[in-house]
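Read off the chains here:
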Amino acid sequence: MPAIYMTRNYMPALMFTGPGHLAGMGLSTTDKDKRPMYRYPYRSPARDGACGRTAGCTFLSQHTQHQSTRYRSTMSPPIKVAVLDDYQGISEPKFKALDPAKFQVEFFKDTLRPYNHPDTTQEVKDALVKRLEPFTVISTMRERTPFPRELISKLPNLKLLLTTGNRNLSLDLEAFKERGIPVVGAMDKAHPGSVGSVSTTEHCVAMILAATRNIAQDDHAVKSGGWQTVPAVSLSGKTFGTVGLGRLGIAVAKIMHLAFGMRIIAWSPNLTQEAADEKAQAAGFPVENDKGEKTFKVVSEEELYRTADVVSLHIVLSDRSKGSVASKQLSWMKPSAIFVNTSRGPLVVEKDLLEALEQGKIRAAALDVFDLEPLPLESKWRTTKWGEDGRSRVLLTPHMGYVEHDTLEGWYEQQVENIQRWEKGESLMLSLY
């Protein structure tokens, strides 16, 4: 019978010491087969390369593969899969459908502080590495756990990284590519072609309405035995300022214009009036109204912040845009204005926004994203008594812009399908590099 041996990576394999073993299995050999032959129970990206494919390490031909698969359950340990940051547990039914003889899945609902965050201690970094190091496959959810180069270098077992959406700027794709680790995304099947924009648009509009109508505060007052708090403000005929006029900026601006008759002004570093006119037409609007006013009027950055009643961020986080909203921009805003961020927390210098709100310089802020997520328990966003003693009113949600059941379920279905494709050596869907 074939002997069992352990490779240098402690993976079991079959060892055939000569052609007699093959003959015992009813197989013929040639002279070139008269050398030790090694074969993992089945061939896939998960096993290939475990022995390094060094000299003297050859594989049985495909017609013998069925002979070795019967050793699979006793000789190959399951592929370890980690599912990170699934707060609602939506992934579990999907991943538990994987063959337990092939895959060992572990779920982590708590998010450790990002490896590359300046406030992350070495102790937390080591804990993150210790958590992730055993896994061959890791499933991530958006940017909840970033993977910078240094972290990737400390994960020698990692062979496949799964994320959601069609881009993830918190992943060092070049470092993954250098290691030969595939990185694949997942599309939003619930809203085809939207890349999450439908959900984020709805959440942004809901936050604007909740901030202007004092929904959260009044709900709390009634449930606490109180009644009315402060008057609401109307959006009708007011000015909506969008920082960024891409897919999300247009979607939110369109609703605010059609539903509430708000005047739309826009700014971003490279936005031109010609481009804004084209976007207006593509959205089904005339370039200008019967008074000659532009539907999407491009203004300077300062004019947008000074004149808008609602300022909403809709730009992509990048090295250039990071910290682009600071004390200067916030000082331009009207005392009655509302600041909204459903894009990314680091677009704003957090300490500057906190200072402006603590001093009550604007009416309110509605925030779905933060510099560090999840928010630490000691965060000022959690502990400050907003709306009291002259402070601005603040509405907070825990980065819910894209969190819809059908969207998440679809993402996890695609992740599981990609794992199965990868294990079989098939092409992967939505590779990110």
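A brief look at the structure comes next.

Quick notes on the rules
Residues numbered from 1 in each chain as written. Predicted model: local features only at pLDDT ≥ 70, side-chain atom pairs only at ≥ 80, totals over all residues. Heavy atoms only, no water. Helix = DSSP H or I, 4+ residues; strand = E, 2+ residues; numbered from the N terminus. Buried < 20%, exposed > 50% of the residue type's maximum accessible area, 1.4 Å probe, protein only. Contact = heavy atoms within 4.5 Å. Lys, Arg positive; Asp, Glu negative; His and termini not counted. Salt bridge = Lys/Arg side-chain N within 4 Å of Asp/Glu carboxyl O. Polar contact = N/O pair within 3.5 Å; in protein donor to acceptor, adjacent residues only side chain to side chain. Core = buried A, V, L, I, M, F, W, Y, C linked by side-chain atoms within 4.5 Å. Phe/Tyr/Trp six-rings, centres within 6.5 Å; stacked < 30°, edge-to-face > 60°. 1 Å grid on protein atoms, 1.4 Å probe; cavity = no way out; pocket = protein on both sides within 12 Å on 5 of 7 lines; lining within 4 Å. Points joined across faces, edges and corners; volume = space filled by probe spheres on them. Nonpolar A, V, L, I, M, F, W, Y, C, P; charged D, E, K, R; others polar.

**Observations concerning the overall build of the chain**
Turning to step 1, where the next piece is worked out: The secondary structure content of the chain amounts to 16 helices and 15 strands.
Turning to step 2, where the next piece is worked out: Here the chain holds 433 residues, and the buried ones make up 48% of them.
Turning to step 3, where the next piece is worked out: For the chain, the proportion of contacts with a sequence separation of at least 24, taken over those separated by at least 6, is 66%.

**Structural notes on the side chain of Asp 85**
Turning to step 1, where the next piece is worked out: Here Asp 85 is to be found in the loop between strand S4 (79–84) and helix H4 (91–95).
Turning to step 2, where the next piece is worked out: For Asp 85, which is buried and forms no salt bridge, the nearest opposite charge comes from Arg 131, at a distance of 5.6 Å.
Turning to step 3, where the next piece is worked out: Of note is the side chain of Asp 85, whose polar atom sits 2.7 Å from the side chain of Thr 111.
Turning to step 4, where the next piece is worked out: Of note is the side chain of Asp 85, whose polar atom sits 2.6 Å from the side chain of Thr 145.
Turning to step 5, where the next piece is worked out: Apart from residues no more than four positions distant in its own chain, Asp 85 is found in contact with Phe 108, Asp 110, Thr 111, Met 141, Arg 144 and Thr 145.

**As for the nonpolar core**
Turning to step 1, where the next piece is worked out: By size, the foremost hydrophobic cluster in this structure holds 30 residues, and its most contacted members are Tyr 305, Phe 339 and Trp 381.
Turning to step 2, where the next piece is worked out: Listing elements by their share of this core, those giving two or more residues are strand S10 (263–267), helix H12 (301–307), strand S12 (310–313), helix H13 (327–332), helix H14 (350–358) and strand S14 (364–367).
Turning to step 3, where the next piece is worked out: Of the residues forming this core, the biggest block, four residues, is contributed by H14.
Turning to step 4, where the next piece is worked out: Once you skip the residues sitting within four places of it in the chain, Trp 381 turns out to touch Glu 350, Leu 353, Leu 354, Leu 357, Leu 367, Phe 370, Leu 375, Trp 386, Val 394 and Leu 396.
Turning to step 5, where the next piece is worked out: Residues Leu 245, Ala 266, Phe 296 and Ile 338 belong to the second largest nonpolar core, which totals 28 residues.

**As for the pattern of salt bridges**
Turning to step 1, where the next piece is worked out: Under the definition given, this model contains 18 salt bridges.
Turning to step 2, where the next piece is worked out: Among the salt bridges present, the one from Asp 389 reaches Arg 391, with a minimum N-O distance of 3.7 Å.
Turning to step 3, where the next piece is worked out: Residue Asp 389 is classed as exposed on the basis of its relative accessible area, which comes to 70%.
Turning to step 4, where the next piece is worked out: When its relative accessible area of 27% is taken as the criterion, Arg 391 is described as partly exposed.
Turning to step 5, where the next piece is worked out: Residues participating in the shared-partner salt-bridge network are Glu 92, Lys 96 and Lys 109.

**Comments concerning the packing of aromatic side chains**
Two descriptors summarise a pair of aromatic rings, namely the distance from one centre to the other and the angle between the planes of the rings.
Turning to step 1, where the next piece is worked out: Tallied over the full model, the rule gives nine aromatic pairs.
Turning to step 2, where the next piece is worked out: A ring pair is formed by Phe 95 and Tyr 412, whose centres lie 6.1 Å apart and whose planes are at 75°; its orientation type is edge-to-face. Of this pair, Phe 95 sits in helix H4 while Tyr 412 sits in helix H16 (residues 405–424), placing them 317 residues apart in sequence. For the pair shown, Phe 95 and Tyr 412 are each scored as buried.
Turning to step 3, where the next piece is worked out: Aromatic side chains Tyr 305 and Trp 332 sit 6.3 Å apart centroid to centroid with 55° between the ring planes, which places their arrangement in the tilted category. Here the residue Tyr 305 occupies a position in helix H12, and Trp 332 occupies one in helix H13, the gap between them amounting to 27 residues.
Turning to step 4, where the next piece is worked out: The exposure class of Tyr 305 is buried, given its relative accessible area of 1%.

**Re empty space enclosed by the protein**
One water molecule sets the probe size; rolling that probe over the atoms shows where empty space is left.
Turning to step 1, where the next piece is worked out: Inspection of the entire model under this criterion finds four cavities of 30 Å³ or more.
Turning to step 2, where the next piece is worked out: Taken as a whole, the largest cavity spans an internal volume of roughly 70 Å³.
Turning to step 3, where the next piece is worked out: Phe 339, Asn 341, Gly 345, Val 348, Glu 350, Leu 353, Leu 367, Val 369, Phe 370, Asp 371 and Trp 381 are the residues that line the largest cavity.
Turning to step 4, where the next piece is worked out: Elements represented by at least two residues in the lining of the largest cavity include exactly strand S13 (338–341) and H14.
Turning to step 5, where the next piece is worked out: Size it by volume and the second largest cavity reaches roughly 40 Å³.
Turning to step 6, where the next piece is worked out: Together, Ala 210, Ala 211, Gln 217, Ala 364, Ala 365, Arg 393, Val 394 and Leu 395 line the second largest cavity.
Turning to step 7, where the next piece is worked out: Breaking the lining of the second largest cavity down by element, the ones donating at least two residues are helix H8 (197–213), S14 and strand S15 (393–396).
Turning to step 8, where the next piece is worked out: Looking at which element gives the most residues to the lining of the second largest cavity, the answer is S15, with three residues.
Turning to step 9, where the next piece is worked out: Residues belonging to the lining of the second largest cavity are distributed by class as follows: six nonpolar, one polar and one charged.

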